[in-house]
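An overview of the molecular structure
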Amino acid sequence: MDASYTKSRLYALRHSAAHLMAQSVLQLFPDAKLTIGPPIENGFYYDIDFGDTKITEEDLAKIEEKMRENAARDLPIVKEVLTREEARKRILDLKQDPYKLELLDDIPPEEEISFYTQGEFTDLCRGPHVSRTGEIQHFKLLNIAGAYWRGDERNKMLTRLYGTAFETKEELEEYLHNLEEAKKRDHRVLGRQLGLFMFSPNVGSGLPLWLPKGAVMREVLTDFLRQAQLERGYQPVVTPHVGNAKLWEISGHLHTYRDKMFPIMDDGREQFLLKPMNCPFHIEIYQSELRSYRDLPIRYAEFGTVYRYEQSGELAGMLRVRGFTQDDAHLFVTPEQLLDEFKGVVDLMLVVLDRLGLRDYSVRVGTRDPEDDKYVGADENWEQSEKAILQACEDLGLAYQVSPGDAAFYGPKLDLMIKDALGRTWQMGTVQVDYNLPERFQLEYIGEDGKPHRPIMIHRAPFGSLERMIGLLTEQYAGAFPFWLAPVQVAILPIADRHIPYAERVRAELLAHRPGLRIQLDDRRLTLGKKIAEAQSNKVPYMLILGDRDEEAETVSVRSREEGDLGGMCVEGFAAMLPAD
RNA sequence: GCCUUUGUAGCUCAGAGGUAGAGCAUCCCCUUGGUAAGGGGAAGGUCACGGGUUCGAUUCCCGUCAAAGGCUCCA
């Protein structure tokens, strides 16, 4: 949230709406305990402990009704500053312990302690608020969710009530309308409509099945990246989906990552794991020979499918699945090469983003959370690698934000973050510096001095995963993919059966001009309008309509997805007007 | 995993304590057509699965599975 929002009247209005909701909740459920209730990007929420009472959507409607009554009372909202002792007493009087007392204890000594009161309702709160409840006119409660106290799953689960509020009725209605519109761009809806991918309960939760058109998109994307990587000195490798559990014991995954892995397979002699990451395999390849400093950097790339046993409640269409293909690579570099190689990777990521037409992304540098002990490796290595990442960002002029606690357990990283149709942020591409695995696997190269040295690893995936990337691209483009990515690029629509032979000729000629062009010839006996409607809803970039007139003149009638009827032209002319790639 | 919600034909959805309907898609027939859906007919459902209440459950209750929105965690 940017500063202009947090200082805006809208922000205060939503904050006050949260209070209005809390007031109404206490009228209906006097034993409820309030915790925190802030404004958020598109509205507000309040986390409330309802004890053993289950809150349902019917209650939400009642609460909203009560809110309208309290707004109509047009109560003044009054601020009051208390001392810490007075505040403690007030909270106990209001029966809002223990949560509010905990919050009170967190307020630093130099900060003032304020309460806001409207009618019989008083809440510990930093403010600011609007001046009267009557100002809160255009709001709606949206949904109920569970949320852990202080965001920690070891704590009690509270009930979170979400709502939104706006200055005007029009803005509220527009927001609700946009929510509906966003649902139409949902990749799960479009994925089915466009025949890209599916899930089947018979296969398993979070395990996608790629349909022919989605599989084509995967190939287009991998071909593109494979080429870009070849140009940058990457070498392809291929490794299995399963491997001996010992590998992950050495890597530390079994210790740190166990609950994210599918259960161990045990044949009584050996134990195997479905790989959650490709790194140990690439490391084995690195170690298959004695390496010289002259060999480095080594860049092993693999479109590797990995399996992670994500919590069931976390799965989200293609954006979070349990089996996915990373456009993975591991770079083995000397300390002197680290910065340049890191920059090279980020540069490749920017090329990829540009190609995909993704402009609206943010860069997050994930560093260690000093409070957390999940991280492995020496402090000086962490410091060095965090420094290298920040240096690379500076050198490349990237706008980034540092996010403590978002590092991988083995090293800091740089992530590309992109929003989906519903405004949720997802991590896409990632680059991670790793001193830990080289240590654990005792990786070495022989340096100029003839002595063994330890390389540094860089893990990186510009797409992140094909699943997430294609899911996200589907939402970004609302299914109308750019020409080079469209699963079907040209639909040939003969008007009547007698035009099919001509359609076949046109297809052959078009392929001669543009080898590999993805053409679909619709030779079904349907009306032209029907064929166009179908091709249009499948978002095919170009349609070629072929009837008597075209056959006679040796032309094709072109219809574009965006611009409609473009008129007749010869096949060569059409081939020439197609986008270059 | 936890909280809330949902699960009816391939898809989108309607329905009610007494044994289920529409549109689209599918199949057949007619239509050979010029820029977003020609006409007619047929077929298609253990109402997610398993228990319970009831004379009777797809409908009410419990459990399981799956999905959605959150929370915690990650490409």
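Rules behind the numbers
Residues numbered from 1 in each chain as written. Chains lettered and ligands numbered in written order. Predicted model: local features only at pLDDT ≥ 70, side-chain atom pairs only at ≥ 80, totals over all residues. Heavy atoms only, no water. Pairing = 2+ DSSP bridges. Helix = DSSP H or I, 4+ residues; strand = E, 2+ residues; numbered from the N terminus. Axes fitted to C-alpha atoms, helices over the stretch in contact; angles between N-to-C directions. Phe/Tyr/Trp six-rings, centres within 6.5 Å; stacked < 30°, edge-to-face > 60°. Buried < 20%, exposed > 50% of the residue type's maximum accessible area, 1.4 Å probe, protein only. Lys NZ or Arg CZ within 6 Å of the ring centre and 35° of its normal. Expected span 1.5 Å × (residues − 1). Arc of directions from axis to C-beta. Contact = heavy atoms within 4.5 Å. Core = buried A, V, L, I, M, F, W, Y, C linked by side-chain atoms within 4.5 Å. Near = heavy atom within 4 Å. Polar contact = N/O pair within 3.5 Å; in protein donor to acceptor, adjacent residues only side chain to side chain. Nonpolar A, V, L, I, M, F, W, Y, C, P; charged D, E, K, R; others polar. Domains from an automatic or database assignment. Salt bridge = Lys/Arg side-chain N within 4 Å of Asp/Glu carboxyl O.

**Observations regarding the sheet that holds strand S24 (residues 490-494)**
In space, the 5 strands of this open sheet follow the order S25-S24-S26-S27-S28, with mixed pairing throughout. Looking at the sheet topology across the chains shown, the edges are occupied by strand S25 (519-521) and strand S28 (564-569). On average, each strand axis in the sheet is inclined to that of its neighbour by 25°, with strand direction left out of account. Note: S24 against S25, 3 bridges, orientation parallel.

**Digging into the packing of aromatic side chains**
Overall, the coordinates contain 14 aromatic pairs when judged by the stated rule. When the ring of Tyr 45 is compared with that of Tyr 162, the centres are 5.6 Å apart and the planes differ by 55°; the resulting orientation is tilted. On the criterion of sequence distance, the pair formed by Tyr 45 in strand S3 (residues 43-49) and Tyr 162 in strand S8 (residues 157-166) is long-range, its members being 117 residues apart. Take Tyr 45: its relative accessible area is 10%, and that puts it in the buried class. Between Tyr 99 and Trp 149 the ring centres are 4.9 Å apart and the planes differ by 70°, which places this aromatic pair in the edge-to-face class. Here Tyr 99 is found in helix H5 (residues 99-106), whereas its partner Trp 149 is found in the loop between strand S7 (138-148) and S8, with 50 residues between them in sequence. Neither residue differs from the other here; Tyr 99 and Trp 149 are each classed as buried. Ring-pair connections join several aromatic residues into one group, and the members of that group are Phe 262, Tyr 307 and Tyr 309. Note that Arg 14 overlies the ring of Phe 166, its terminal NZ or CZ placed 4.7 Å from the centroid.

**Some remarks on helix H16 (residues 500-513)**
Given a rise of 1.5 Å per residue, 14 residues ought to cover 20 Å, and the 20 Å separating the end C-alpha atoms of H16 matches this to within 8%. Listed as buried for H16 are Ile 500, Tyr 502, Ala 503, Val 506 and Leu 510. Buried residues in H16, looked at end-on, bunch into an arc of 150°, giving them a common side. The exposed residues of H16 that point more than 90 degrees off its buried face are Pro 501 and Ala 512. If you follow the buried residues of H16, they end up packed against S24, S25, strand S26 (542-546), helix H18 (548-553), strand S27 (556-560) and helix H19 (571-577).

**Some words on the nonpolar core**
Counting 58 residues, the largest nonpolar core has Leu 221, Phe 342, Leu 356, Leu 414 and Phe 463 as its most contacted members. Broken down by element, the residue count for this core peaks at 9 residues, all from helix H12 (residues 338-356). Among residues more than four places away in sequence, those in contact with Phe 342 are Ile 389, Ala 392, Leu 414, Val 431, Val 433 and Ile 458. By size, the runner-up hydrophobic cluster in this structure holds 30 residues, among which are Met 21, Phe 29, Phe 139 and Leu 161.

**Points about the pairing of S28**
Within a regular strand, side chains alternate between the sheet's two faces. The sheet contact formed by S27 and S28 spans 5 bridges and is antiparallel. In the sheet register, Ser 557 faces S28, and the bridge partner there is Gly 568. Hairpin connection between S27 and S28: a loop of 3 residues separates the two successive antiparallel strands.

**A look at the protein's contact with RNA strand B**
As a structural note, the neighbourhood of RNA strand B is formed by 62 residues, with Tyr 148, Glu 314, Arg 320, Gln 427 and Lys 530 the closest of them. The share of sugar and phosphate among atoms of RNA strand B within 4 Å of the protein is 54%. Between a phosphate oxygen of RNA strand B and a side-chain N or O atom of Lys 530, the distance comes to 2.3 Å. Contacts to RNA strand B include Asp 548, whose backbone N or O atom sits 2.8 Å from a base oxygen. Its residues assigned to classes, the surface near RNA strand B comprises 18 nonpolar, 20 polar and 24 charged.

**Details of the domain arrangement of chain A**
Assigned domains of chain A: these are domain 1 (3-172), domain 2 (200-469) and domain 3 (490-577). Taking only C-alpha atoms into account, the centre of domain 1 sits 42 Å from that of domain 2.

**So, the pattern of salt bridges**
Scanning all chains against the criterion turns up 46 salt bridges. With a closest N to O distance of 3.7 Å, Glu 173 and Lys 169 form a salt bridge. Within this pair, Glu 173 and its partner Lys 169 are both found in helix H6 (residues 169-185), separated by 4 residues, close to a single helical turn. Taking the relative accessible area as the measure of exposure, Glu 173 reaches 45% and is therefore partly exposed. What you see here is one network of salt bridges that share partners, running through Arg 364, Asp 406, Lys 413 and Asp 415.

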